[in-house]
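The chain contents come next:
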Amino acid sequence: MKLLALAAALTLVAGAAHAQTSAQKADSPTNNDASKLGGYAPAAPLFSSGSTPPPGTQVVFVPSTQTPTQAFPPPAPKAVYPMCKRGQFDGCRQRQ
């Protein structure tokens, strides 16, 4: 009897979890909407030809000639840095 009650409870929980994941999938953006989301995008295609090279093609890796400072420049300093609030650590001055 206890096993039947346990099996019924697990079935109800599994059904609720499945319904929740189905609703989440319905609300999540599809790949077609990814272009509308914004963010970082490559400035040029990955390959110069626009398509992937065929298998067996010799691929040559050419490292970047930029220094890390050139490739990832630091942000410009702010004119004023306010005091940090509780839990804030970025863009402010720490209390001493």
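Residues numbered from 1 in each chain as written. Predicted model: local features only at pLDDT ≥ 70, side-chain atom pairs only at ≥ 80, totals over all residues. Heavy atoms only, no water.

**Student:** Quick one: what's the story with the overall build of the protein chain, residue by residue and with numbers?
**Tutor:** Counting secondary structure elements, the protein chain contains three helices and zero strands. Beginning at the N terminus, the succession of helices and strands in the protein chain can be written as α-α-α. The buried share among the 96 residues of the protein chain stands at 2%. Summed over all atoms, the accessible surface of the protein chain reaches about 9600 Å², with 63% contributed by carbon and sulfur. (Helix = DSSP H or I, 4+ residues; strand = E, 2+ residues; numbered from the N terminus. Buried < 20%, exposed > 50% of the residue type's maximum accessible area, 1.4 Å probe, protein only. Areas by Shrake-Rupley, 256 points an atom, 1.4 Å probe, with all protein chains shown as cover.)

**Student:** Help me get a handle on the state of the cysteines, residues and values and all.
**Tutor:** Applying the stated criterion to the full structure yields one disulfide. Between the sulfur atoms of cysteine 84 and its disulfide partner cysteine 92 the distance amounts to 1.8 Å. The sign of the 90° torsion about the S-S bond sets the cysteine 84-cysteine 92 disulfide as right-handed. Residue cysteine 84 is classed as buried on the basis of its relative accessible area of 5%. A residue is classified by how much of its surface remains accessible, and cysteine 92, at 13% relative accessible area, is buried. (Disulfide = S-S within 2.5 Å.)

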